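Structural overview for review
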Amino acid sequence: MDNVPSKPQAEPRSAYKAFRPISTRWSDNDVYGHVNNVVYYSWFDTAVNAYLIEQGVLDIHGGGTIGLVVETQCNYFASLAFPQAVQAGIRVAKLGTSSVRYEVGIFGEGEFTAAKGHFIHVYVDPITRKPVALPSDLKKVLETLL
C-alpha cells in the first residue's frame, strides 16, 4: 500500500505564489453546461506566459529562448461555467538547469481549487530547438514562485 499514490486533493489559495484573473467565454462551456476540460490547459499556458511577459522575462517575438511543453496534467474538483470569473494561482515546484515545473490552481469564488495541474517547460534555443540554460533574469523571477 505504500506505493499507491494518494488521491489528488483540492488546495487552498495560500498554496500559490501569484494570481492571474481569467475571463471565461461563452465558447468555453460544453454541452454539459460547464467549462470543458481542454480549456483548463489553455488557462495554464495563458496564466504562466502572461505572468512572465508582465515580469519582463519572456519576449514571445524576439527572445533568445522559448519554452516547449513536454508534460502536462490536470485534476478536476468542481465545475466552473461561463460567465463565472476565475483566477489562476501559479507556483514553481521544480527549477532545473533548462526546465521548470509550473503548477497552476484554478479557482472560482471559493477558497479551494476547482482544478489543479502542472506543466513542464524545457527552455530551448528558438532555432536549434536544443535545451539551453535558463536565462538569469528568468531564473530570478521563477525563484520567487518556488
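Report follows, based on the coordinates. Keep in mind that this is a model prediction, so the values were computed, not measured.

Once that is clear, we can look at the pattern of salt bridges. Under the defined criterion, the tally for this structure stands at six salt bridges. Between Arg-91 and Glu-11 there is a salt bridge; the shortest N-O distance is 3.0 Å. A residue pair is termed long-range when its members are at least 10 positions apart, and Arg-91 in strand E3 (residues 85-95) and Glu-11 in the segment before strand E1 (18-23) qualify at 80 residues. Residue Arg-91 shares its accessibility class with Glu-11, and that shared class is buried. The partner of Arg-101 in a salt bridge is Glu-103, with the nearest N and O atoms 3.0 Å apart. Relative accessible area serves as the criterion here: at 26%, Arg-101 is assigned to the partly exposed category.

Below, the discussion takes up helix H2 (residues 136-143). Buried within H2 we find Leu-138, Val-141 and Leu-142. Buried residues of H2, viewed axially, fall in a sector of 100°; they line one side. Exposed side chains of H2 directed beyond 90 degrees from the buried face belong to Ser-136 and Lys-140. Buried positions along H2 lie against helix H1 (37-54), E3, strand E4 (99-107) and strand E5 (115-124).

With that settled, consider the nonpolar core. For soluble globular proteins, nonpolar side chains are generally found buried alongside one another. Core analysis: the biggest nonpolar cluster contains 32 residues, and Tyr-40, Trp-43, Leu-52, Leu-80, Tyr-102, Ile-106 and Leu-142 have the highest contact counts within it. Secondary structure elements with two or more residues in this core: E1, H1, E3, E4, E5 and H2. Considering each element in turn, this core owes the most residues, eight residues, to H1. Residues within four places of Tyr-102 in sequence aside, it is in contact with Val-48, Leu-52, Arg-91, Val-92, Gly-117, His-118, Phe-119, His-121, Tyr-123 and Leu-142.

About the thresholds
- Residues numbered from 1 in each chain as written.
- Predicted model: local features only at pLDDT ≥ 70, side-chain atom pairs only at ≥ 80, totals over all residues.
- Heavy atoms only, no water.
- Salt bridge = Lys/Arg side-chain N within 4 Å of Asp/Glu carboxyl O.
- Helix = DSSP H or I, 4+ residues; strand = E, 2+ residues; numbered from the N terminus.
- Buried < 20%, exposed > 50% of the residue type's maximum accessible area, 1.4 Å probe, protein only.
- Arc of directions from axis to C-beta.
- Contact = heavy atoms within 4.5 Å.
- Core = buried A, V, L, I, M, F, W, Y, C linked by side-chain atoms within 4.5 Å.

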